[in-house]
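# Geometric and topological summary
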Amino acid sequence: MKILLVEDDKRLRKLIHDILKKEGYQVIEAGDGSEALKIFFEERDIELVLLDIMLPLFNGIEVLTQIRKLSEVPVIMLTALGSEQDEIKGLNTGANDYISKPFSYEVLVARVNAILRKKIKENESIISEGEVQMNQLTYEVRVSDEIVELNRKEYRLLVYLIMNRKSVLSRNQILDHVWGFDYSGDIRTIDTHIKTLRTKLKHCGQYIHTIRGAGYMLDSSTVTPQT
């Protein structure tokens, strides 16, 4: 996993670099705020930013502000011991955590590992198809990055469709997995929910295909993306 380390103190930067490299991380260094932003927006696969508060050209808060305009990548602020105002400012700007200097090898590694474990868990919880994204930890659904409100059944129906993308699902299969084996109501309730779900998904409602005489299938590959 790639980490961007932003620290103007060369000795401390080398020390942190060596620690993280020993733990198996790939580290990219920046010595000032301007260089940090240049690297961050050029590199597309940075998983974590270690960001000092006191930096030349742009300070850590200014760098973080620019990052948060376009990215939710985890950021750990490096602050001076007892600098409570810096810690508060960093957290309010969008930092995920902070480490006060001087810090031990163990504290640095523990904080980095904890943040990246959480990121991995969140990534594993996200499922998507085309421009539809679902976070199974927060139950948030987004269409083209805009939040869409679904009720419980609509949410479970969409999860089932995405998890079985490009597979034709019969009404009985959908009924068993979403409504449960003991459901005794009208099977046509599925058609009603599909219709409502298509509407709520806006242009992505086209992903849900009716397969005449068979059921439904979710497939975004046959739909032209919105521009």
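What you are looking at is a predicted structure, and each value in this text was computed from that prediction instead of being measured.

### Quick notes on the sheet that holds strand S6 (residues 126-129)
Strands sit in the order S6-S7-S8-S9 across an open sheet of 4 strands; the sheet is antiparallel. Either end of the sheet is taken by a strand with one partner, and the two such strands are S6 and strand S9 (146-148). Mean inter-strand twist for the sheet, computed between neighbouring axes without regard to direction, equals 25°. As judged from the 4 bridges shared by S6 and strand S7 (residues 132-135), these two strands associate in the antiparallel manner. Within the sheet, the bridge partner assigned to Glu 129 lies in S7 and is Val 132. Strands in contact with helix H6 (residues 152-163) are S6, S7 and strand S8 (140-143); relative to S7, the strand with the most contacts, it is inclined by about 115°.

### Concerning the environment of Phe 40
Take Phe 40: it is sitting in helix H2 (residues 33-42). Sequence-wise, Phe 40 and Leu 4 are 36 residues apart; in three dimensions their C-alpha atoms are separated by 7.5 Å.

### Comments concerning the sheet that holds strand S3 (residues 46-52)
Across the sheet, 5 strands lie side by side as S2-S1-S3-S4-S5; this open sheet has parallel pairing. Looking along the sheet, the strands with just one partner apiece sit at the ends: strand S2 (26-30) and strand S5 (97-101). Along the sheet, successive strands turn relative to each other by an average axial angle of 20°, direction set aside. As judged from the 5 bridges shared by strand S4 (residues 75-80) and S5, these two strands associate in the parallel manner. Residue Leu 78 lies in a different strand from S5, and its bridge partner there is Ile 99. H2 rests against strand S1 (2-6), S2 and S3 of the sheet, and its axis sits at about 140° to S2. Where helix H4 (residues 84-93) meets the sheet, its contacts fall on S4 and S5, and the angle it forms with S5 comes to roughly 160°.

### Focus on the packing of aromatic side chains
Working definition: an aromatic ring pair is given by the centre-to-centre distance plus the angle between the planes. In this structure the tally under the stated criterion is 2 aromatic pairs. Here Phe 40 and Phe 41 contribute two aromatic rings whose centre-to-centre distance is 5.1 Å and whose plane-to-plane angle is 85°, an arrangement assigned as edge-to-face. On the basis of relative accessibility, which here comes to 29%, the residue Phe 41 falls in the partly exposed class.

### Description of the pattern of salt bridges
Applying the stated criterion across every chain yields a total of 16 salt bridges. In this structure, the salt-bridge partner of Lys 2 is Asp 45, at a minimum N-O distance of 2.8 Å. One end of the pair, Lys 2, is in strand S1; the other, Asp 45, is in the loop between H2 and S3, with 43 residues separating them in the sequence. What makes Lys 2 buried here is its relative accessible area of 11%. Three or more residues joined by partner-sharing salt bridges are found here, namely Lys 2, Glu 43 and Asp 45.

### Section: the packing of H6 against helix H7 (residues 171-179)
It is at 10 Å that the axes of H6 and H7 come closest, and there the two elements cross at 125°. By the angle class used here, H6 and H7 are oblique. Crossing hand, H6 versus H7: right-handed. Two secondary-structure elements touch here, H6 through Lys 153, Arg 156, Leu 157 and Tyr 160 and H7 through Gln 173, Ile 174, His 177, Val 178 and Trp 179.

### As for the layout of surface pockets
Estimated volume of the largest pocket: approximately 910 Å³. Along its surface, the largest pocket is lined by 27 residues, and Ser 71, Glu 72, Val 73, Lys 119 and Glu 122 are the ones closest to its centre. Secondary-structure elements contributing two or more residues to the lining of the largest pocket are H2, S3, helix H5 (105-125), S7 and S8. The biggest single contributor to the lining of the largest pocket is H5, with 5 residues. In terms of residue class, the lining of the largest pocket is built from 10 nonpolar, 6 polar and 11 charged.

### Here's the deal with the nonpolar core
Taken as a class, soluble globular proteins show a tendency for nonpolar side chains to be buried jointly. By size, the foremost hydrophobic cluster in this structure holds 28 residues, and its most contacted members are Leu 158 and Ile 174. Of all elements in the fold, only S7, S8, H6, H7, helix H8 (189-200) and strand S11 (215-218) reach the threshold of two or more residues within this core. Ranked by the residues each element gives to this core, the list is headed by H6, at 7 residues. Not counting residues within four places of it along the chain, the set of residues in contact with Ile 174 comprises Leu 157, Tyr 160, Leu 169, Trp 179, Ile 190 and Tyr 216. By size, the runner-up hydrophobic cluster in this structure holds 21 residues, among which are Ile 28, Ala 36, Leu 51 and Leu 55.

Rules used throughout
Residues numbered from 1 in each chain as written. Predicted model: local features only at pLDDT ≥ 70, side-chain atom pairs only at ≥ 80, totals over all residues. Heavy atoms only, no water. Pairing = 2+ DSSP bridges. Helix = DSSP H or I, 4+ residues; strand = E, 2+ residues; numbered from the N terminus. Axes fitted to C-alpha atoms, helices over the stretch in contact; angles between N-to-C directions. Contact = heavy atoms within 4.5 Å. Phe/Tyr/Trp six-rings, centres within 6.5 Å; stacked < 30°, edge-to-face > 60°. Buried < 20%, exposed > 50% of the residue type's maximum accessible area, 1.4 Å probe, protein only. Salt bridge = Lys/Arg side-chain N within 4 Å of Asp/Glu carboxyl O. Parallel < 35°, antiparallel > 145°, perpendicular 65-115°, else oblique. Left-handed = near helix turned anticlockwise from the far one by under 90°. 1 Å grid on protein atoms, 1.4 Å probe; cavity = no way out; pocket = protein on both sides within 12 Å on 5 of 7 lines; lining within 4 Å. Points joined across faces, edges and corners; volume = space filled by probe spheres on them. Nonpolar A, V, L, I, M, F, W, Y, C, P; charged D, E, K, R; others polar. Core = buried A, V, L, I, M, F, W, Y, C linked by side-chain atoms within 4.5 Å.

Such coordinate-based values are descriptive only and should not be taken to indicate function.
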